[in-house]
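Architecture and fold: a report
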Amino acid sequence: MRSRIRSLRLFAGAAAALSLAACGADGERPKTASSTPAKAGTPYPRDPYPSTYHTYPGVPTLVRNVTVFDGEGGRIDNGAVLFADGKIVAIGQTLDAPAGASVIDGQGKWITPGVIDIHSHLGDYPSPGIRALSDGNEATAPVTADVWAEHSVWPQDPGFGRALANGGVTTLQILPGSANLFGGRSVVLKNVYARTVQGMKFPGAGYGLKMACGENPKRVYGSKGREPSTRMGNIAVDRATWAKAQAYKRKWDKYERDGGDPPERDIGMDTLRGVLAGEIRVQNHCYRADEMANVLDMAKEFGYKVTAFHHAVEAYKIADLLKATGTCAAVWADWYGFKMESYDGIGANLALLEKAGVCAMIHSDDANGIQRLNQEVAKALASGRRAGVDIPDAVAWKWLSLNPAKALGIDDRTGSLKAGKMADVVLWNGNPFSVYTRPEKVWVDGALLYDANDPKRRPVSDFELGQPGEGDVK
Amino acid sequence: MIRAFLLSAAALIALPAGAQTVAVTDATVALGDGSAPIRNGTVVFRDGRIVSAGANVAVPAGAEVVDGHGKWVSPGLIAGFTDLGLQDAGGIEESNDTAARGSPFAAAIDVSTAINPAGAKIGNERLAGITRALVAPDAGGSIFAGQGAVIDLGDDADAVTRPRAFQYVELGEHGAREAGGSRPAAYALFRDALAQAQDYRGNPAAFGGRERASLLKRGDAEALLKVIDGQMPLVVHVERASDIRTVLGLVRDYPRLKLVLTGASEGWLVAREIAAAKVPVVAAALADLPESFEALAATESNVGRMRAAGVQVALSAAGASGGERNIRQYAGNLVAITRIPGATGLDWGQALASITSGPAAALGLEGELGSLKPGRRADVVLWDGDPLEIESQPVAIWIDGRPQPMRSRQTELRDRYLTPTEGVLPKAYDRR
């Protein structure tokens, strides 16, 4: 019941990813003699705060005699996983150890891809949750598409280390909160401590736009006596904003094509233009089935795509609609009944979505919950089985890694144990769907960043240094 | 849901007060008293009370026998210091009775008057094996939140097991805010309120307490007298080690206070002092982040380290967004960390006790609730596996010996949408 802070944090939604594939590292578009008339206007930079993340050193590692969930639905009993130079080399029944490799006997243990949380506010609502560090909701106007979550992230949030050590989380998306209809841009991070947020940024991951529908925006702005104060007000402000974004896009597209005087920059509209151009993914906080349907119609009206609904407590009611529109659903296992729009939450939500063929995933929205997403999935599996929907454990691991990677647009690089992907790997000391299991080792890009048996492989954030409890197992 | 109520109402008429003798046989029996589970055991209950439980327990003639082969049987789980029953959803302000910022009353507030046994959450959480809850108000406008209650989650109209079971007070950061902005102000308010209560006892007619400006109303004074006299436990929410020490020191001035600590994220730093004071603690198992400056040393080892130092400790359900049902996941995690070098957890028996007899004992109710020992209320759950394991679910539930419906509003919703597409009529016509 002492969860006042959490109720504020429930203003959270989702964010999307800007594909940088179309842009050079400096933000310039590829130029060729045929496609670029000499008089074309200069595009604004798409990546002005670039990632400086680098992989940490690792050693070639072979884990054998281990149960493997590959993250794509596959399972190998008494199998093996080999990774080197930061990448997965092979998985299989038996693999040979290269010279100099670290060989780990996985007897009685499980190995999986690292967990990806598509919905986190670590860094933006860090611990301690004091006012001075409350940087997750720019709750001053219903449209703040101009803010970027990365500019709030405090890289020293102790929550990052807990998510790594207790949760096996290797990648996470940080979203601005859901007080606003257009909350701003998300950022995708590798779960490593760094001095700057740039040092955590997942290289090449696109941006997201966090949107929210429902009770949070109408409560926040209704209480200020301004639009929106109702659900119809939410959609009205959304539509007016998308209409402006279309006009902004037309002006900038024309300028970049034909040159002339550059149009006035609008930082928020840059983001919406990115969505309309398919470069930025919409991650939409939305609980109720009927509201999700409204948003899907609005997306069709303005020509954008909703990549994923987050907190989609009623997704199970419209699994067919989500399937038909190719929209993902990011959900909790069992959160329900904390506000009206969560009243109809059921434990079988994820299982019913999977049964209907929807791209479904678990998410936390919580600094504590992110530490046990494997157990959250175990709860969802159990609820599904109770309802007669028996999803194999190995298939359910998709909810923890591959599906969130897809919804972030990084599934070609991480999210499963596939040769060539980043070696983001967790070794669990038992079946990860058992309550009695904990991560034993966690690698990010092949670097061993947590080892339960080695106190030196346990991050201590700057904030914790020299304070009560420093360096404890936590 | 309606049908479930009708069915159980019929059962009630046929079998008043669980008069039937029931024997759950051949199950793994977990007594909930801290002991290890017993294989191939039997639990017998009659007239709403446990008769016997364990190995080599005879099945009385004429008993209704429930075959527990391959299953586990445990006491029903007790959710400690929760707001279950005080709101339909926290965010539905119109239905939320957890706090009353605008009320002139504080310590006088009595949550037992708010409990609605027909609330959907009661039915949902019951189906997950929660059979009792220690329900506490939230402080709003004073450090004194009011008087909490012990309730059952039975499918009947009688929910309150013990009204006015404890007084709840905030003395950490939250208390400082309620008192005007500082911890010293909170302690000044606390001492003054108790002094005023003594004034009321000495001369009720002269006390007043009905004036608009009176800091303490008559009802508040009456409630606090029971606290001063040790007739009503005083549950104190604090987190920081130094705050815990200060609270333990209150007994020097008020020697009959029956203290219970809740929160206590830094309890492990002062575990020996808490144990020496014989003050029970109801703590959050998995609070491991420095969420505030009063919880910098928070760790999942807190409960285990306090227990190892001899503190009587139980788990709290506060902040369980997924429902009170998650207390068994919390308990299971405390077993899990016994395998992590440097961490301190609980053994299995202690872990189950921390969500059954532990919360009962914190309020002195262990003779009545929370275990399968003879004479206790027959709150019994039959599980399809280890009750601390995530995948396990109840297959039968009795509260005060009465069988409970195995459906809830959540199962009704689930079944309506097992297939999302509409049939010949809208979903509103899909009924079980």
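Residues numbered from 1 in each chain as written. Chains lettered and ligands numbered in written order. Predicted model: local features only at pLDDT ≥ 70, side-chain atom pairs only at ≥ 80, totals over all residues. Heavy atoms only, no water.

A few words now on the overall build of chain A. Helix and strand content of chain A: 11 helices and 17 strands. The globule rule puts the C-alpha radius of gyration for 474 residues at 23 Å, and the 22 Å found for chain A is close to it. In chain A, buried positions account for 64% of the 474 residues. Pairs at least 24 apart in sequence give 71% of the contacts found in chain A among residues at least 6 apart. Approximately 16,400 Å² of chain A is accessible, and the part contributed by carbon and sulfur atoms is 51%. Side-chain charges of chain A comprise 56 positive and 53 negative groups, with the mean position of each set lying 2 Å from the other. (Helix = DSSP H or I, 4+ residues; strand = E, 2+ residues; numbered from the N terminus. Rg over C-alpha atoms; globule rule 2.2 N^0.38 Å. Buried < 20%, exposed > 50% of the residue type's maximum accessible area, 1.4 Å probe, protein only. Contact = heavy atoms within 4.5 Å. Areas by Shrake-Rupley, 256 points an atom, 1.4 Å probe, with all protein chains shown as cover. Lys, Arg positive; Asp, Glu negative; His and termini not counted. Charge placed at Lys NZ, Arg CZ, Asp CG, Glu CD.)

Quick look at the packing of aromatic side chains now. Enumeration over the complete set of coordinates arrives at 28 aromatic pairs over all chains. Taken together, a centroid distance of 4.2 Å and an interplanar angle of 25° make the contact between Trp-242 of chain A and Tyr-304 of chain A stacked. Taken together, the positions of Trp-242 of chain A in helix 4 (residues 231-258) and Tyr-304 of chain A in the loop between helix 6 (289-302) and strand 12 (306-310) put the pair 62 residues apart, joining distant regions of the chain. This pair shows no difference in class: Trp-242 of chain A is buried, exactly as Tyr-304 of chain A is. Both rings, one in Phe-81 of chain B and one in Phe-166 of chain B, keep their centres 5.2 Å apart while their planes meet at 70°; by these two values the pair is edge-to-face. (Phe/Tyr/Trp six-rings, centres within 6.5 Å; stacked < 30°, edge-to-face > 60°.)

Another aspect to go through is the confidence of the model for chain A. For chain A, mean pLDDT is 93; residues scoring 70 or higher make up 92% of the total. Segment residues 1-31 of chain A is flagged for pLDDT under 50; beyond a separation of four residues in sequence, or across chains, it makes 132 contacts in the model. (pLDDT = per-residue confidence, 0-100.)

Below, the discussion takes up the packing of helix 4 of chain A against helix 6 of chain A. Residue and element names in this part refer to chain A. As a packed pair, helix 4 and helix 6 sit with axes 11 Å apart at the nearest point and diverge in direction by 20°. By the criterion of interaxial angle, the relationship of helix 4 to helix 6 is roughly parallel. As helix 4 runs across helix 6, the sense of the crossing is right-handed. Facing Arg-231, Ile-235, Asp-238, Arg-239, Trp-242, Ala-243 and Gln-246 of helix 4, the residues of helix 6 in contact are Glu-291, Asn-294, Met-298, Glu-301 and Phe-302. Here the residues of the contact of helix 4 with helix 6 sort into 5 nonpolar, 2 polar and 5 charged. (Axes fitted to C-alpha atoms, helices over the stretch in contact; angles between N-to-C directions. Parallel < 35°, antiparallel > 145°, perpendicular 65-115°, else oblique. Left-handed = near helix turned anticlockwise from the far one by under 90°. Nonpolar A, V, L, I, M, F, W, Y, C, P; charged D, E, K, R; others polar.)

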